[in-house]
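Single-letter residue listing:
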Amino acid sequence: MSIYANLTSIQNNIARLYETPVNFSIEDFLITDLAALGLRQQISSVKTAETLYLLETDDGINISLYLDQGIVDSLNESVASDQWKFTDVKEYLLALEGVSHFQYLIWNAERDKSVTLFELELQAEVDKYVMASVALADRREGHIPKDLYGYLFDSISYRNELSPEVARRYREANHYAGKYCRSLKSQYPNQHQQIDFLTELRQFYRLPCNEKVRRIEHR
């Protein structure tokens, strides 16, 4: 079994939830050492555990997803033991965010659809809430922790070294995703047991960025 099997499982779960299979596996684009990309300056200047790197070429785009090796190891260990601690959940969410970025970008690229950085962050925030709800409920006899929403959308801080533009993008994505997920909680209390809930998620996933925001504002 691949050491990245749990990342592949996350990708498959996202694809199954939204009915959005793609032709590429996260395993083939994952790196755990930034030196592999020759990014020595970023290694010393940016403290990050997850980053999606994109490079435009004449033939298209080159993609690499960086995840810190510690996150990959922790994810494998926690799933193997079937016991999650708070730190495990944090690292699961980081891995999920990276896989979400990759899956959403590839799915749209295969349909010749462009996406914005804001759109990637917005969908990833929604994915984290929806997918974490399932994962945690599976370990809590179907009960979603009451503090999950607050942890994801209310108790947020950002790195000081982020540029104002990037910080603003993160804040706006978090704001809109929080508003959307709050409406999901209210409208679909049984969530994954409701067909309408899945229909809503799948429709939202396929909307272009401006229509995603418009849908949220009118919920």
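This text goes with the structure placed above it.
To start, this report covers the structure provided alongside it. This is a predicted model, so every value here is computed, not measured.

Bringing the packing of aromatic side chains into the picture now. Tallied over the entire structure, the rule returns 12 aromatic pairs. Geometrically, the ring pair formed by Tyr 104 and Tyr 205 is edge-to-face, given 5.0 Å between the ring centres and 85 degrees between the ring planes. Of this pair, Tyr 104 sits in helix H4 (residues 86–109) while Tyr 205 sits in helix H8 (residues 195–206), and the two are 101 residues apart along the sequence. Each member of the pair, Tyr 104 as well as Tyr 205, carries the same accessibility label: buried. Feature note: the residues Tyr 18, Tyr 104, Trp 107 and Tyr 205 constitute an aromatic cluster, connected by ring pairs.

Moving on, we get to the side chain of Lys 212. Relative to the helices and strands, Lys 212 resides in helix H9 (residues 209–217). We note that Lys 212 is buried and unpaired, the nearest opposite charge coming from Glu 119 at a distance of 4.2 Å. A distance of 2.9 Å separates a polar atom in the side chain of Lys 212 from a polar atom in the side chain of Tyr 104.

Here we come to the nonpolar core. Judged by nonpolar contacts, the single largest core of 55 residues is most densely connected at Leu 7, Ile 10, Tyr 92, Leu 122, Val 126, Tyr 129 and Leu 201. For this core, the element with the most residues is H4, which contributes 11 residues.

Cut-offs applied
Residues numbered from 1 in each chain as written. Predicted model: local features only at pLDDT ≥ 70, side-chain atom pairs only at ≥ 80, totals over all residues. Heavy atoms only, no water. Phe/Tyr/Trp six-rings, centres within 6.5 Å; stacked < 30°, edge-to-face > 60°. Helix = DSSP H or I, 4+ residues; strand = E, 2+ residues; numbered from the N terminus. Buried < 20%, exposed > 50% of the residue type's maximum accessible area, 1.4 Å probe, protein only. Lys, Arg positive; Asp, Glu negative; His and termini not counted. Salt bridge = Lys/Arg side-chain N within 4 Å of Asp/Glu carboxyl O. Polar contact = N/O pair within 3.5 Å; in protein donor to acceptor, adjacent residues only side chain to side chain. Core = buried A, V, L, I, M, F, W, Y, C linked by side-chain atoms within 4.5 Å.

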